[in-house]
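Next come the chains, spelled out residue by residue.
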Amino acid sequence: MKKIDLGVLSGDILVFGGVYSNLHALEALIDRAQQLGIAPSNMICTGDVVAYCAYAEDSVERIRALGCPVLSGNCEQQLAANADDCGCGFDAGSTCSLLSRTWYAHANSQVTNGSRDWMRDLPDRITFTHNGLRYGVVHGGASDVSKFIWPVTHDDVIASEIALLEDQVGSVDCVLTGHSGITMTRTVGDKLWVNAGAIGMPAHDGDLDTHFVIISKNGIKNNQLYYNVEAAFQAMQANSLTQGYHATLKTGYWPSEETLPIEMRTQSANG
Ligand SMILES: [Fe+2]
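In what follows, the accompanying structure is described. Each residue is numbered by its place in its chain's sequence as written, counting from 1. Predicted model: local features are reported for residues with pLDDT of at least 70 only, side-chain atom pairs are reported and counted for 80 or more only, and whole-chain, interface and lining totals are derived from all residues. Only hydrogens and water are removed before side-chain values are computed, so all heavy atoms of the structure are retained for them.

1. Focus on the pattern of salt bridges
In step 1: The term salt bridge refers to a pairing of a side-chain nitrogen on Lys or Arg with a carboxyl oxygen on Asp or Glu at a separation within 4 Å. Per the counting criterion, the structure on display carries six salt bridges.
In step 2: In this structure, Asp121 engages Lys2 in a salt bridge whose closest nitrogen and oxygen atoms are separated by 3.2 Å. With Asp121 in the loop between helix H5 (113–120) and strand E4 (125–130) and Lys2 in the segment before strand E1 (3–9), this pair connects stretches of sequence that are 119 residues apart.
In step 3: Salt-bridge contacts for Lys250 lead to Glu230; the nearest nitrogen and oxygen are separated by 2.8 Å. Of this pair, Lys250 sits in helix H8 (residues 245–251) while Glu230 sits in helix H7 (residues 229–238), and the two are 20 residues apart along the sequence.
In step 4: Since its relative accessible area comes to 38%, Lys250 is described here as partly exposed.
In step 5: The exposure class assigned to Glu230 is partly exposed, which follows from its relative accessible area of 36%. Numbering of helices and strands starts at the N terminus; helices are DSSP runs of H or I of at least 4 residues and strands are runs of E of at least 2. Remark: exposure states derive from per-residue accessible area (1.4 Å probe, protein chains only) relative to the maximum for the residue type, with buried under 20%, exposed over 50%, and partly exposed in between.

Structure below.
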């Protein structure tokens, strides 16, 4: 397990993840950071730079050029290993598993050996200190890179993930995560568990905007990101990525609810 410590960070910190090959969203995020005066060294990516959308290699190149700290997501791990699937933790035969064959194959065909080398070298854990609090960053969970922690997940499960992370990196006050694609903030005991959400895909809530968080002296705030949805959609169509996630960009709902806990499923979705 590769761990990096960023030391003490000052000023606002922008935490984002789930770029999902959505270059238009990534460009919008970078513009937003520049407007907010947040330097790349204070931008932290929770992983999954590559997934559903059209611009796999371009997104990797853009984030490498940006130079911000990037955590290894399951998508990076699988591509680095030249694996045949995304390793998202979808059940075999599920809609998500079937859909992943198309987008993963597209990504796998784009990503260069140089980008795979970069992915192979990404850290599995990032730690830093900010305003006197110590933060730990994991992708899905400390027990599994593809662990799904949802807003409805029981406190006991989250507490055990925090305890395991502390075994791995030492005591933390707050855990920053990604993977599930849905933002959440949960206080468990005296610890905080935060999911920064995804910038590359809506959060299955019917809104087309996507999400990231900013840590400031005033606390942790969920932010909305608006980007050129139509351009991202057209690019997916042009690359025959028309199995469902392209429509998500325009409806705000995922093509399947199979990965979601039952209590989070909605009648509005297609799946
Ligand atoms: Fe992931």
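Additional details are given in the paragraphs that follow.
2. Section: the nonpolar core
In a soluble, globular protein the nonpolar side chains are often hidden away together inside.
In step 1: Nonpolar cores were defined as sets of buried Ala, Val, Leu, Ile, Met, Phe, Trp, Tyr and Cys residues, with membership established by side-chain atoms within 4.5 Å. In this structure, Leu14, Phe16, Met43, Ile63, Trp103, Ile199 and Leu249 are the most contacted members of the largest nonpolar core, which totals 57 residues.
In step 2: Residue contributions to this core peak at seven residues, all from helix H1 (residues 23–36).
In step 3: Throughout, a contact is declared for two residues whenever any of their heavy atoms are within 4.5 Å. If we ignore the near neighbours within four places in the chain, the residues touching Ile63 are Phe16, Leu26, Cys45, Val49, Cys68, Val70 and Trp118.
In step 4: Membership of the second largest hydrophobic core comes to 15 residues, among which are Val15, Leu176, Val194 and Ala196.

3. Quick notes on the sheet that holds strand E9 (residues 210–216)
Sheet strands line up and pair through hydrogen bonds in the backbone, either parallel or antiparallel.
In step 1: One requirement defines pairing of two strands: DSSP has to find at least two bridges between them. Taken together, four strands build an open sheet; the order of strands is E3-E2-E9-E10 and the sheet is mixed. Whereas interior strands pair on both sides, the edge strands pair on one side only; in this sheet they are strand E3 (43–45) and strand E10 (219–225). With direction set aside, neighbouring strand axes in the sheet form an average angle of 25 degrees.
In step 2: One ladder, built from three bridges, connects strand E2 (residues 13–16) with E9; its direction is antiparallel. Residue pairing for E9: Leu14 is matched across the bridge by Ile214.
In step 3: Orientation is described by lines fitted to C-alpha atoms, with helices fitted over the stretch in contact, and by angles between N-to-C directions that extend from 0 to 180 degrees. Strands in contact with H1 are E2, E3, E9 and E10; relative to E10, the strand with the most contacts, it is inclined by about 130 degrees.

Scope: geometric values only; no functional claims are made or implied.
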